[in-house]
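Chain and residue survey
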Amino acid sequence: MADHQANGNLSDANLSDANLSDANPALSLNHKYALDRDCTTLSRHVLQQLQSFSSDAQDLSALMNRIGLAAKLIARRLTRAGLVEDALGFTGRTNVQGESVKKMDEFANQVFISAFEQSGLVCRLASEEMDQPYYIPENCPLGRYTLLYDPIDGSSNVDINLNVGAIFAIRQQEGNDLDGQARDLLRDGHQQIAAGYVLYGPSTMLVYSVGSGVHAFTLDPSLGEFILSSENIKIPTHGSIYSVNEGNFWQWEEPIRNYIRYVHRHEGYTARYSGALVGDIHRILFQGGVFLYPGTVKKPEGKLRLLYESAPLAFLVEQAGGVASTGTQRILDVVPDQLHTRTPLVIGSVEDVALVESFIQEHSREQQEREILSTKG
Ligand code: AHG
Ligand code: MN
Ligand code: MN
């Protein structure tokens, strides 16, 4: 195994590099070269993670490879979107959530379908852009996996050339789903076998977990491969960033407003919000802090969808040592009642999520006390 893998991540590798170079400059040069030469590809990494060449491990490796292929095809279109006909703007249609669909949403949704039609492994795909799951009957006798995905996350950023993402989760299909209702998907997030996201930023990155840590890959366009760039990422227990759309301040319930008042009044907090969940969470994964998309008085369930947004990110962030909550419940414990169920989301560093939750707990305690007093009175 290359030194940088054994050491955990590139910054550790640089550190050990400095030590090596003190002791032996020639060794240091070799080490740097090895970092570039002994690159770990995504499919190889999945097999290493699972420490097996079993058929399940091979399946998962092939599935991740397909997600990588979809990401490369989408990245290719995004990088030239301003030059290509019909890449930007709206389709004129609305999706099942009532949101206006962008051409890039539809393109990316279709890319995932095409990539998995050829995989032989996925019987069913469910995405933000499709009312019902999409079946690939020819794969179903053998392909027992379901891919859940948000093909373009943060699509309001597409037309202005800012970062967007994709979110995915893989689940095992339970039963034959004879009525096509996909009821077996209405289960908690612990059922996820793998989850992750793709970030289309200055470089394209794929971050994933198969339940043994969180690992980031960077697309090397000259190789056309995702190459391991950070292994076993650990989210700091606290960070200065809070990431939330404060334009909704007056729509929120009082405890969320109290939390925001708290960070305004205390030193050491800074706001970052890009309009694309994937980018905001990526920052928090590396630097710590908290991302919130709370419910509002009118929409207590919030905006984000459980099965292909909140639950995959919760799986990932927990694997990195962070937490994800609705504010009152662990996201991975939430059982959806529909494919497109929404949940409030508070996700990130342990201490920062706990701080948000403490405002919610305090508020419900006060409410209970008031109710007791009013029944007594
Ligand atoms: P999507 O583009 O998949 O619908 O997701 C957008 C989500 C999320 O990425 C982002 O954090 C949030 O919606 C932004 O919503 P607001 O504009 O309401 O802040
Ligand atoms: Mn989204
Ligand atoms: Mn989307």
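Before reading on, note that the structure itself is shown above.
Report follows, based on the coordinates.

What counts, and at which threshold
- Residues numbered from 1 in each chain as written.
- Chains lettered and ligands numbered in written order.
- Predicted model: local features only at pLDDT ≥ 70, side-chain atom pairs only at ≥ 80, totals over all residues.
- Pairing = 2+ DSSP bridges.
- Helix = DSSP H or I, 4+ residues; strand = E, 2+ residues; numbered from the N terminus.
- Contact = placed C-beta atoms within 7 Å.
- Axes fitted to C-alpha atoms, helices over the stretch in contact; angles between N-to-C directions.
- Near = placed C-beta within 6 Å.
- Nonpolar A, V, L, I, M, F, W, Y, C, P; charged D, E, K, R; others polar.
- Domains from an automatic or database assignment.
- Core = buried A, V, L, I, M, F, W, Y, C linked by C-beta atoms within 7 Å.
- Buried ≥ 20, exposed ≤ 12 C-beta atoms within 10 Å, placed from the backbone.
- Parallel < 35°, antiparallel > 145°, perpendicular 65-115°, else oblique.
- Left-handed = near helix turned anticlockwise from the far one by under 90°.
- Expected span 1.5 Å × (residues − 1).
- Arc of directions from axis to C-beta.

1. Points about the sheet that holds strand 12 (residues 270–271)
The strand order across the open sheet built from 5 strands is 12-11-13-15-14, with neighbouring strands paired in mixed fashion. A single partner strand is all that each edge strand has here, and the edge strands are strand 12 and strand 14 (323–325). The pairing of strand 14 with strand 15 (residues 345–348) spans 3 bridges and is antiparallel. Paired with Ala-324 across the bridge in strand 15 is Ile-347. Packed on one face of the sheet, helix 8 (residues 277–287) meets strand 11 (241–243), strand 13 (289–293) and strand 15 and runs near 155 degrees to strand 13.

2. As for the site of ligand 1
Lining the immediate environment of ligand 1, one finds Glu-99, Glu-128, Asp-150, Asp-153, Gly-154, Ser-155, Asn-245, Gly-275, Ala-276, Leu-277 and Lys-303. Its residues placed into classes, the shell around ligand 1 shows 2 nonpolar, 4 polar and 5 charged. For the shell around ligand 1, the two domains that each supply at least three residues are domain 1 (38–230) and domain 2 (241–376).

3. A look at the nonpolar core
One finds Phe-112, Leu-147, Ala-166, Phe-168, Leu-206, Val-317 and Ile-347 to be the most contacted residues of the largest nonpolar core, which totals 90 residues. Tallying contributions element by element places helix 9 (residues 306–319) first for this core, with 9 residues. Once you skip the residues sitting within four places of it in the chain, Leu-147 turns out to touch Phe-112, Phe-116, Val-122, Leu-125, Phe-168 and Ile-170.

4. Side note on unusual backbone geometry
One non-glycine residue with positive phi stands out, namely Asp-86, at about 65 degrees. By the secondary structure assignment, Asp-86 is in the loop between helix 5 (55–79) and strand 1 (90–94). Judged by C-beta crowding, with 10 C-beta atoms within 10 Å, Asp-86 ranks as exposed. Residues other than glycine seldom take positive phi values, yet Asn-232 does so here, at roughly 50 degrees.

5. Some details on the packing of helix 4 (residues 42–50) against helix 5
Packing of helix 4 against helix 5 leaves a shortest axis separation of 8 Å and a crossing angle of 150 degrees. Judged by the inter-axis angle, helix 4 sits roughly antiparallel to helix 5. The interaxial crossing formed by helix 4 with helix 5 has right-handed handedness. Where helix 4 abuts helix 5, its residues Leu-42, Ser-43, Val-46, Leu-47 and Leu-50 lie against Ala-57, Leu-60, Ser-61, Met-64, Asn-65 and Gly-68. A class-by-class count of the residues in the contact of helix 4 with helix 5 yields 7 nonpolar, 4 polar and no charged.

6. Observations regarding helix 7 (residues 254–265)
The terminal C-alpha atoms of helix 7, which comprises 12 residues, lie 16 Å apart, in line with the 16 Å expected from a rise of 1.5 Å per residue. All buried positions along helix 7 are accounted for by Pro-255, Ile-256, Tyr-259 and Ile-260. Mapping the buried residues of helix 7 onto a view down its axis gives an arc of 145 degrees, with all of them on the same face. With respect to the buried face of helix 7, the exposed residues turned more than 90 degrees away are Arg-261, His-264 and Arg-265. The secondary structure elements touched by the buried residues of helix 7 are helix 10 (350–376).

7. A short note on the sheet that holds strand 7 (residues 192–200)
Hydrogen bonds between backbone groups are what pair the strands of a sheet, and the pairing can be parallel or antiparallel. Pairing is mixed in the open sheet, where 8 strands are placed in the order 4-3-5-6-7-8-9-10. The sheet is open, and its two edges are formed by strand 4 (134–135) and strand 10 (225–230), each paired on a single side. Where strand 3 (residues 122–127) lies against strand 5 (residues 145–153), 5 bridges are found, and the strand directions are parallel. For Ser-127, the partnering residue across the bridge sits in strand 5 and is Tyr-149. Running over the sheet, helix 6 (residues 103–117) touches strand 3, strand 4, strand 5 and strand 6 (164–172) and is turned about 155 degrees from strand 5.

8. Points about the packing of helix 7 against helix 10
Two elements in contact, helix 7 and helix 10, have axes separated by 8 Å at closest approach and are oriented at 135 degrees. The orientation of helix 7 with respect to helix 10, classified from their angle, is oblique. As helix 7 packs across helix 10, the resulting crossing turns out to be right-handed. Counting all contacts with helix 7, which are made through Glu-254, Pro-255, Asn-258 and Tyr-259, the residues of helix 10 involved are Val-356, Phe-359, Ile-360 and His-363.

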